[in-house]
Protein chains: 4
Amino acid sequence: MRRSSYPYVSPVIARYADVDAFLHINNVAMAQYFEDARISLLRTLLEMQQMHMGDGRVLLARQSIDYLREGRYPGSLEVGVAITAVGRTSVTVGMGLFQDEVCIAISDAVLVRLDDKGPREWGADERTVLSDPVWQPQASD
Amino acid sequence: MRRSSYPYVSPVIARYADVDAFLHINNVAMAQYFEDARISLLRTLLEMQQMHMGDGRVLLARQSIDYLREGRYPGSLEVGVAITAVGRTSVTVGMGLFQDEVCIAISDAVLVRLDDKGPREWGADERTVLSDPVWQPQASD
Amino acid sequence: MRRSSYPYVSPVIARYADVDAFLHINNVAMAQYFEDARISLLRTLLEMQQMHMGDGRVLLARQSIDYLREGRYPGSLEVGVAITAVGRTSVTVGMGLFQDEVCIAISDAVLVRLDDKGPREWGADERTVLSDPVWQPQASD
Amino acid sequence: MRRSSYPYVSPVIARYADVDAFLHINNVAMAQYFEDARISLLRTLLEMQQMHMGDGRVLLARQSIDYLREGRYPGSLEVGVAITAVGRTSVTVGMGLFQDEVCIAISDAVLVRLDDKGPREWGADERTVLSDPVWQPQASD
């Protein structure tokens, strides 16, 4: 996917602390970038205070990351986020990490909506917001 | 998989810095635990200095993590590691994160051996070591 | 100070993520070790849930760290902690970071007890616990 | 000091990973911000590749941080950096962390120039660059 495929883009500034012994951005740091971007979009959509909602919360159930190229420090990056699927109690997010417009990693994350008893269905309002085509991957030109 | 299925076990002590706003161990911290355990085994087997070898290095190409239960702070944990596949230029590692003998997350990681020109075949000695059944998942009792 | 000067000792296992581009333990990782040890002692003494108490909390106001020697990965370490002063609303903690019994860093931290209105005096019980000579620096042999 | 007192300013974007159990920016995360800004200025001045120079390197010897106010997530911040002293083998850096133009933490850091045998004098060029008044604290209006 290209950067323009993602409807939501979140900025990152690489830190010295993100760099590993090879002077490249460490793969755990990239996981941190994806976490931040994912939470940023979902907070916006679901009006969650730190991923907590009035009657429950949203937890990461599964994440995969493909590391495609090395990231460079110092430098800034962008994380593109799109919603790729909405289940009864879950949402799947697709993300791409870009540096200088080049994709250096992609990630899929499945999040589950929970209350004290376990997984819980999305409310109607939540489902409407999450299913809005504006947050789905966009056709690139 | 149970803890006894993993031939190599690496200890972790949870840190306050690993805890998120819910007082649980954060998912990025768990990625850090898996990274440490994976590198610990591969360093031992391949005599790598920080994942560097004489004529190349080993890079993470893909990782998936399934988050099964929440981790608790303060507390210690264990990461079990097994080698599940050896390719021409790659190795796949299966891992489980355990707290009080209960599995709280599992992960698969694919690592690729590289030199300056790109992926590079394992040497015969490296392949022998990586393919040793002693590092494969063990039958649980 | 020697390790035996500290009445409370908290273990640390260095992680690959703690290592910087020189293959030494990064100074921010050491700050994380000190944080964890300090919180571990204070939680024990003050029965705090994550540094929160019933009617307030304890915040770090000031910390200094002297970096004396380089830390080595892989390896384990120990953080020694002692209470060096108790003020009306604050407590000062002295710490030492040890690897193979050698001190590689020392730190002083001042923490302040707060409620919603600002600094707040310790309760009588809290003051008794914090002032107990058992938590003060011990005479080394 | 005010933000305009610092001749060099480095941007930071707070990450979800920086937030502690109180939903404030954690003090270790702030140490990471200061590290990044300090390295950014010194790399620029000394043309260091990751704090390594041709015949030596620059290590952090001592750092103190005063935590003045709580930092907010989500949000961006700025770290102001000034050179406050140049010794025979060392340099002292003064820093301020700002959010919405308000100073939330200040830090002093002493760095030492080393080669394999221990502390080593700055070269004439290095001393000239580090002593340039342009990098000293500026008079605020």
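The structure displayed is predicted, hence computed values, not measured ones. (Residues numbered from 1 in each chain as written. Chains lettered and ligands numbered in written order. Predicted model: local features only at pLDDT ≥ 70, side-chain atom pairs only at ≥ 80, totals over all residues.)

(A) Examining the overall build of chain A more closely. Regarding its fold elements, chain A presents two helices and seven strands. Listing the helices and strands of chain A from first to last along the sequence gives β-α-β-β-β-β-β-β-α. Computed over its C-alpha atoms, the radius of gyration of chain A comes to 16 Å, within 12% of the 14 Å expected for a compact globule of 141 residues. Reported as C-alpha extents along the three principal axes, the dimensions of chain A are approximately 45 × 35 × 20 Å. The buried share of chain A, taken over its 141 residues, is 39%. Across chain A, the fraction of contacts at a sequence separation of at least 24, relative to all contacts at a separation of at least 6, is 69%. (Helix = DSSP H or I, 4+ residues; strand = E, 2+ residues; numbered from the N terminus. Rg over C-alpha atoms; globule rule 2.2 N^0.38 Å. Buried ≥ 20, exposed ≤ 12 C-beta atoms within 10 Å, placed from the backbone. Contact = placed C-beta atoms within 7 Å.)

(B) Summary view of the relation of the copies chain B and chain C. Of the transformation placing chain B onto chain C, the axial shift is 0.0 Å and the rotation is 180°, giving an RMSD of 0.0 Å. Taken together, these values place the two copies in the relation of a two-fold axis. Across chain B, the rotation axis passes nearest the C-alpha of I13 of chain B, at a separation of 3.3 Å. Taken together, the interface assignments show that 100% of the residues at the interface of chain B recur at the interface of chain C, consistent with an identical surface on both copies. (Least-squares fit on C-alpha atoms with pLDDT ≥ 70 in both.)

(C) Structural context of the pairing of strand β6 (residues 102-115) of chain C. All names here are of chain C. As paired elements, strand β5 (residues 90-99) and β6 share 10 bridges and run antiparallel to each other. The residue bridging M95 from the neighbouring strand is S107, located in β6. Connecting β5 to the next strand, β6, in antiparallel fashion are two residues, including D100 with a positive phi near 55°. Where β6 and strand β7 (residues 118-119) come together, two bridges link them in antiparallel fashion. Following the sheet pairing, D115 is matched in β7 by G118. Counting the residues between successive antiparallel strands, the hairpin from β6 to β7 contains two residues. (Pairing = 2+ DSSP bridges.)

(D) Geometry of the interface of chain B and chain A. Taken residue by residue, the interface counts 15 residues in chain B and 15 residues in chain A. Looking at the side of chain B that touches chain A, the elements that each hand over two or more residues are α1 (27-46) and β3 (56-67) of chain B.

(E) Structural detail: helix α1 (residues 27-46) of chain D. Residues and elements named next belong to chain D. If you check α1, its first and last C-alpha atoms are 28 Å apart, about what 20 residues at 1.5 Å a residue would give, namely 28 Å. Of all 20 residues making up α1, 14 are buried, and the element is well covered by its neighbours. Taken from the residues just after α1, E47 is the one with a positive phi, measuring 50°. (Expected span 1.5 Å × (residues − 1).)

(F) Region of the structure containing the relation of the copies chain B and chain A. Once turned by 180° and shifted 0.0 Å along the axis, chain B lies on chain A with an RMSD of 0.0 Å. The overlap is high: 100% of the interface residues of chain B also sit at the interface in chain A, so the same surface is used on both sides.

(G) Examining the interface of chain B and chain C more closely. Every contact between the two is made by 14 residues of chain B and, on the other side, 14 residues of chain C. Sort the elements by how many residues they give to the side of chain B that touches chain C and α1 of chain B lands first, with five residues. For the side of chain B that touches chain C, a count of residues per class yields eight nonpolar, three polar and three charged. (Nonpolar A, V, L, I, M, F, W, Y, C, P; charged D, E, K, R; others polar.)

(H) View of the packing of helix α1 (residues 27-46) of chain A against α1 of chain B. Close contact between α1 of chain A and α1 of chain B brings their axes to 10 Å; oriented N to C, the two are set at 165°. With respect to each other, α1 of chain A and α1 of chain B are oriented roughly antiparallel. For α1 of chain A against α1 of chain B, the interelement crossing comes out right-handed. Between α1 of chain A and α1 of chain B, the residues in contact are N27, V28, A31, Q32 and E35 of chain A and N27, V28, A31, Q32 and E35 of chain B, respectively. Looking at the contact of α1 of chain A with α1 of chain B residue by residue, the class counts come to four nonpolar, four polar and two charged. (Axes fitted to C-alpha atoms, helices over the stretch in contact; angles between N-to-C directions. Parallel < 35°, antiparallel > 145°, perpendicular 65-115°, else oblique. Left-handed = near helix turned anticlockwise from the far one by under 90°.)

(I) Focus on the environment of A17 of chain B. All names here are of chain B. Relative to the helices and strands, A17 is located in the loop between β1 (8-13) and α1. Classification of A17 by C-beta neighbours within 10 Å gives buried; the count is 22. Separated by 51 residues in sequence, A17 and L68 place their C-alpha atoms 21 Å apart.

(J) Representation of unusual backbone geometry. Following Y73 of chain B, the chain continues into P74 of chain B via a peptide bond in cis, with omega recorded as -5°. Inspection of the secondary structure puts P74 of chain B in the loop between β3 and β4 (76-86). Despite not being glycine, D100 of chain A shows a phi value in the positive range, around 55°. Exposure remark for D100 of chain A: the 10 C-beta atoms within 10 Å place this residue in the exposed category.

(K) Spatial organisation of the confidence of the model for chain A. Per-residue confidence for chain A averages 91 on the pLDDT scale, and 91% of its residues sit at or above 70. Predicted complex metrics record ipTM = 0.93 and pTM = 0.93. (pLDDT = per-residue confidence, 0-100.)

(L) Quick look at the pairing of strand β1 (residues 8-13) of chain C. Residue and element names in this part refer to chain C. Of the two faces of β1, the one lined by Y8, S10 and V12 is fully buried and the one lined by V9, P11 and I13 carries no buried residue. With six bridges joining them, β1 and strand β4 (residues 76-86) adopt antiparallel strand pairing. In the strand pairing of β4, S10 is matched with V79.

(M) Here's a closer look at the environment of A105 of chain D. Residue and element names in this part refer to chain D. By secondary structure assignment, the location of A105 is in strand β6 (residues 102-115). Each C-alpha atom of the pair A105 and W135 lies 20 Å from the other, and the pair is 30 residues apart in sequence. When residues no more than four places from it in sequence are discounted, the contact partners of A105 are M30, I65, D66, Y67, L68 and L97.

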